[in-house]
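# Structural features, examined
These are the residues of each chain, in order.
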Amino acid sequence: MKVNRFISWCRRYIRWPFLVGVAVIVFLTFFNENNVQRYYEYDLEIERLKKEIKNHEDTIAYYRQLNSKLSTDRETLERIVREQYHMQRRDEDVYVFTKD
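Residues numbered from 1 in each chain as written. Predicted model: local features only at pLDDT ≥ 70, side-chain atom pairs only at ≥ 80, totals over all residues. Heavy atoms only, no water.

## Examining the overall build of the protein
- When helices and strands are tallied, the protein shows four helices and zero strands.
- Scanning the protein from its N terminus toward the C terminus, one meets helices and strands in the order α-α-α-α.
- Taking 100 residues into account, the globule formula puts the C-alpha radius of gyration at 13 Å, and the protein, at 34 Å, lies well above it.
- Based on the C-alpha atoms only, the size of the protein along its principal axes is roughly 105 × 35 × 20 Å.
- Of all 100 residues assigned to the protein, the portion counted as buried reaches 4%.
- Accessible surface for the protein amounts to roughly 10300 Å². Of this, 57% is attributable to carbon and sulfur atoms.
- Measuring between centres, the 18 positive side-chain charges of the protein sit 18 Å from its 16 negative side-chain charges. (Helix = DSSP H or I, 4+ residues; strand = E, 2+ residues; numbered from the N terminus. Rg over C-alpha atoms; globule rule 2.2 N^0.38 Å. Buried < 20%, exposed > 50% of the residue type's maximum accessible area, 1.4 Å probe, protein only. Areas by Shrake-Rupley, 256 points an atom, 1.4 Å probe, with all protein chains shown as cover. Lys, Arg positive; Asp, Glu negative; His and termini not counted. Charge placed at Lys NZ, Arg CZ, Asp CG, Glu CD.)

## Focus: the packing of helix α3 (residues 36-72) against helix α4 (residues 74-85)
- Axis separation between α3 and α4 bottoms out at 6 Å; the angle between their running directions is 110°. Classed by the angle they form, the pair α3 and α4 counts as roughly perpendicular. Handedness of the crossing formed by α3 with α4: left-handed. The segment α3 lies against α4, with L66, K69, L70 and T72 engaging R74, T76, L77 and I80.
- By residue class, the composition of the contact of α3 with α4 is four nonpolar, two polar and two charged. (Axes fitted to C-alpha atoms, helices over the stretch in contact; angles between N-to-C directions. Parallel < 35°, antiparallel > 145°, perpendicular 65-115°, else oblique. Left-handed = near helix turned anticlockwise from the far one by under 90°. Contact = heavy atoms within 4.5 Å. Nonpolar A, V, L, I, M, F, W, Y, C, P; charged D, E, K, R; others polar.)

## Some details on the environment of R48
- With respect to the helices, strands and loops of the structure, R48 is situated in helix α3.
- A polar side-chain atom of R48 sits 2.6 Å from a polar atom in the side chain of E45. (Polar contact = N/O pair within 3.5 Å; in protein donor to acceptor, adjacent residues only side chain to side chain.)

## A look at the packing of aromatic side chains
- Counted under the stated rule, the structure contains two aromatic pairs.
- Considering the side-chain rings of Y62 and Y63, the 5.1 Å spacing of their centres and the 70° angle between planes classify their relative orientation as edge-to-face. (Phe/Tyr/Trp six-rings, centres within 6.5 Å; stacked < 30°, edge-to-face > 60°.)

## Section: the pattern of salt bridges
- All told, the structure shown has four salt bridges when counted by the stated rule.
- One salt bridge connects E52 with R48, and the closest N-O pair in it is separated by 3.2 Å. Within this pair, E52 and its partner R48 are both found in helix α3, separated by four residues, close to a single helical turn.
- Shared partners join several salt bridges into a network, and the residues in it are E45, R48 and E52. (Salt bridge = Lys/Arg side-chain N within 4 Å of Asp/Glu carboxyl O.)

## Details of helix α1 (residues 2-13)
- Between its first and last C-alpha, α1 extends 16 Å over 12 residues, near the 16 Å set by a 1.5 Å rise per residue.
- Of all the 12 residues making up α1, zero are buried; the element is thus mostly uncovered. (Expected span 1.5 Å × (residues − 1).)

Pasting the structure below:
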């Protein structure tokens, strides 16, 4: 009885254009090249890249500040050269200690 009522309701209100429209919407939403899952993955990738850009901007700001110090302050230049490149004067001995 209920099945017959459901079938008669479907025949009355559900037509082919409606079914085709629903099929097109389902296809475009889930099975197309530009589906919902891909949009979600792209959003995650965008957020990850924004965080990476933020980290690199902080690093760039640090190196810009260091560069300006190196061009104006001779003591900072000498300290950096001695620490990172192990340079020495002619009458000096340099000992490098490493942490193991």
